[in-house]
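Listed below are the residues making up each chain.
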Amino acid sequence: MTHTKERNQSGIFLKYKGEGVLFDCGEGIQRQMKIAGIKLTDVTKILISHWHGDHVLGLPGLIQSLAASEYAQTLEVYGPKNIQNQIRGVLQAFGVQKPPIPLRIQEVGDGLFFENNDFFLSSASLEHSVPCVGYSFQEQDRRRIRLDIVKKIGIPEGPLLGELQEGKDIEWKGKKVKCEETTTVVKGRKLTVIVDTVATRNCIVLAKNADLLICEATYSSKEKDKAKQYKHLTAKESAQIAAKSSVEKLILTHFSQRYKNTQEIEEDARTVFNNVICAYDFMRVTL
Ligand SMILES: [Zn+2]
Ligand SMILES: [Zn+2]
């Protein structure tokens, strides 16, 4: 939440195929990315949770640097209500009347807002002191060929197997071959990111069955009154969301500067949900 000697403000980078999705863009994000060995131009989409400084102060700087590095694509930025005006306003404050790179800014609310053949993105409104949304990234389910079965039938490698994989039934030697009998469905991986909210039903809906939930835990339960006052989650509440939405793994982030280390936060969460760790700067996770 606040810069400390050890911790930067918010920024989570997801690399998936040709896509670089940045969740929030706190101050100092460019230097963090350089230290982590991530090229700024790898960012294709920025998903802003809400317009509070610790989540967006890095945005004008990043856009300016992308312009200076001949960023060749359209940067997509998503965010809650009013995001267009806020981004244009911050650029104008620096004397930039027209975005220096192709920029597509889209407001998101509840539900699906992006989809391609590989993955889809959805959002859900949360409850904070300003409009705020949580995000899910989910791979499309895909079909895997059951090699033992297709070998037995005698289908050779090639376009027919491709059709089965796409979910189509085919014909082989005058007989119908069903994709359901020759393929298995591999569930797509899911990541949910929830920051700056009180515990709401939407948190559970959004994170349902995620392989990984990255969730704020600004305070431990000892400070639950403060969490309520500033509309944040305690570690225990984050763990309750993880348990209720049956996620596989929970990573906590966005800690108050009062915590010099994260032991108290982690222990608080572990009273409810065991597969939990606290994030640290430059942490890498493979899903
Ligand atoms: Zn925050
Ligand atoms: Zn906030």
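The structure we're discussing is the one just above.
Now for a quick tour of the structure. (Residues numbered from 1 in each chain as written. Chains lettered and ligands numbered in written order. Predicted model: local features only at pLDDT ≥ 70, side-chain atom pairs only at ≥ 80, totals over all residues. Heavy atoms only, no water.)

**Re the coordination of the zinc ion (ligand 1)**
Working step 1: The protein atoms donating to the zinc ion (ligand 1) are D54 (OD), H55 (NE2), D196 (OD) and H254 (NE2), with metal-donor distances spanning 2.1 to 2.2 Å.
Working step 2: The site at the zinc ion (ligand 1) holds four donor atoms, and with the angles between them running 89 to 161°, its shape is irregular.
Working step 3: Site description for the zinc ion (ligand 1): donor spacing in sequence, D-H-x140-D-x57-H.
Working step 4: Here the zinc ion (ligand 1) and the zinc ion (ligand 2) are spaced 3.5 Å apart, linked through D196, which binds each one. Note that D196 is positioned in the loop between β13 (190–194) and α8 (201–207) and H254 in the loop between β15 (249–253) and α11 (263–270), a separation of 58 residues in sequence.
Working step 5: Among the residues examined, D196 registers a relative accessible area of 1% and is labelled buried.
Working step 6: The buried category is assigned to H254, whose relative accessible area is 3%. (Donors = N, O, S within 2.8 Å, 3.2 Å for Na, K, Ca; no water. Tetrahedral: all angles 85-135°; square planar, octahedral: opposite > 155°, others 65-115°. Helix = DSSP H or I, 4+ residues; strand = E, 2+ residues; numbered from the N terminus. Buried < 20%, exposed > 50% of the residue type's maximum accessible area, 1.4 Å probe, protein only.)

**Remarks on the sheet that holds strand β6 (residues 111–115)**
Working step 1: The mixed open sheet is built from seven strands, whose spatial order is β6-β7-β8-β13-β14-β15-β16. The open sheet has two edge strands, β6 and β16 (276–278), and neither has a second partner. Adjacent strand axes in the sheet meet at a mean angle of 20°, parallel and antiparallel pairs treated alike.
Working step 2: In terms of strand pairing, β6 meets strand β7 (residues 119–125) through four bridges, oriented antiparallel. Bridge pairing in β7 places L112 opposite S122.
Working step 3: Here helix α10 (residues 235–244) sits on the sheet in contact with β14 (212–216) and β15, set at roughly 155° to β15.
Working step 4: Lying over the sheet, α11 contacts β15 and β16, oriented at roughly 165° with respect to β16. (Pairing = 2+ DSSP bridges. Axes fitted to C-alpha atoms, helices over the stretch in contact; angles between N-to-C directions. Contact = heavy atoms within 4.5 Å.)

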